[in-house]
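Per-entry structural report
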Amino acid sequence: MDPFSITVGALGITQFAISSIGNLREFINGLDEAKDVMQDVTSDLEAIQLPLYALENLQIPDDKTYVAAKADLENTGVAEAVNKCGQACADFTKRLEQWTKHSTTTKFSLRDRLSVGLWNKEKIRTFRTQVRSCQAIVQFAIDSTQLIILIRSENASKTARQETEKQLRFLENTIQEHINITKRKQDEALQRKNALENPEDEDEDDDGGAQRTLAIQETKEQARLLESDQAASGIVSQILLKLSIPVVGNTYEVTFSGSHNSGMQIGHSTGTINWNGSRT
């Protein structure tokens, strides 16, 4: 039987989301001198495209595993994360067009450089937070689904299942580490918010504090996104906790007969023991 594949559309991921991610990356690459300033954003976009491609090419051996894998993928919230990220990319593309309207494909104006690199620093940080959160969820969803496929494989050897067990533990640790890092980033965002709300010198604002107010809103949004990231990662972790690696071993047939079958027989097996006792 040919293997099954889960299309991104079957999970509820829209083509709009995928194309928006690609379009933003192309737009940034089209701004020659801006690529250096936006290099981190470009790297984040590339990082999310890779697991999306992997999701599209995911091969599942049988119908039963397909149903289980699809259900778990849906439970991770991967579709919602990607679709929201796609919309964020579309909105960010419009903002970037506005911020770079004084530049050309070959010349990045000083005014636009300040707009991108200074005035809208927190807004860009918010966008990157959302992209990175989405990338983590997609990657964790892919990794967990691949483990589900391996665990459900009836033909896997004992050695292969032991290796799968190691991969499962490693992924669990990776997710927990990600959650811990995300918590620290959330604390940092809240610290920046507090610093903006209580500036040491309020006379530094030439615009009546408008830019500071906008920055405060962005730090709040960053903290919210990071909290959502922790919750989504926790769901994947819960899915992994429900997985168990079947024990594979040899099957032993033990048969006692005759008049000397009394007492206790002691042995050891890593597989199944079938007991058949009789007396004559």
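Coordinates for the structure precede this section.
This one's a predicted model, so the numbers in the text were calculated from it and none came from an experiment. (Residues numbered from 1 in each chain as written. Predicted model: local features only at pLDDT ≥ 70, side-chain atom pairs only at ≥ 80, totals over all residues. Heavy atoms only, no water.)

Turning to the nonpolar core, a few remarks are in order. Counting 37 residues, the largest nonpolar core has Ile13, Leu24, Val41, Leu45, Val82, Phe92 and Phe127 as the members making the most contacts within it. Elements with a contribution of two residues or more to this core: α1 (15–29), α2 (39–56), α3 (63–75), α4 (78–99) and α6 (121–151). Looking at which element gives the most residues to this core, the answer is α4, with nine residues. In this structure Phe92 touches Leu24, Met38, Val41, Trp99, Ile124 and Phe127, once residues within four positions along its chain are discounted. Among the nonpolar cores identified, the runner-up in size contains twelve residues, and Ala136, Phe140, Ile175 and Ile179 belong to it. (Core = buried A, V, L, I, M, F, W, Y, C linked by side-chain atoms within 4.5 Å. Buried < 20%, exposed > 50% of the residue type's maximum accessible area, 1.4 Å probe, protein only. Helix = DSSP H or I, 4+ residues; strand = E, 2+ residues; numbered from the N terminus. Contact = heavy atoms within 4.5 Å.)

Before going further, it helps to spend a moment on empty space enclosed by the protein. The full count for this structure, using the stated rule, is one cavity of 30 Å³ or more. Its volume calculated, the largest cavity comes out at about 40 Å³. Around the largest cavity, the lining residues are Ile18, Ile21, Gln49, Leu52, Tyr53 and Glu56. Looking at the lining of the largest cavity, the elements with two or more residues in it are α1 and α2. Here the lining of the largest cavity takes four residues from α2, the largest share from any one element. Of the residues in the lining of the largest cavity, the class split is four nonpolar, one polar and one charged. (1 Å grid on protein atoms, 1.4 Å probe; cavity = no way out; pocket = protein on both sides within 12 Å on 5 of 7 lines; lining within 4 Å. Points joined across faces, edges and corners; volume = space filled by probe spheres on them. Nonpolar A, V, L, I, M, F, W, Y, C, P; charged D, E, K, R; others polar.)

What follows deals with the packing of α3 against α6. At their nearest, the axes of α3 and α6 sit 10 Å apart, and the two run at 155° to each other. As the angle between them shows, α3 and α6 are arranged roughly antiparallel. Pair α3 / α6 crosses with right-handed handedness. Contacts between α3 and α6 involve Thr65, Ala69, Asp72 and Leu73 from the first element and Ala141, Thr145, Ile148 and Ile149 from the second. (Axes fitted to C-alpha atoms, helices over the stretch in contact; angles between N-to-C directions. Parallel < 35°, antiparallel > 145°, perpendicular 65-115°, else oblique. Left-handed = near helix turned anticlockwise from the far one by under 90°.)

Here we come to the environment of Phe140. Relative to the elements of secondary structure, Phe140 occurs in helix α6. Considering only alpha carbons, one finds Phe140 and Leu171, 31 residues apart in sequence, at a separation of 8.0 Å. Setting aside its immediate chain neighbours within four residues, Phe140 contacts Leu171, Thr174, Ile175, His178, Ser233 and Val236.

Let's shift gears to the state of the cysteines. Taken as a whole and assessed by the stated rule, the structure comprises zero disulfides. Here Cys85 stays free of any disulfide, with the sulfur of Cys134 as its closest cysteine sulfur at 4.2 Å. Given the relative accessible area of 0%, Cys85 is considered buried. Take Cys134: its relative accessible area is 3%, and that puts it in the buried class. (Disulfide = S-S within 2.5 Å.)

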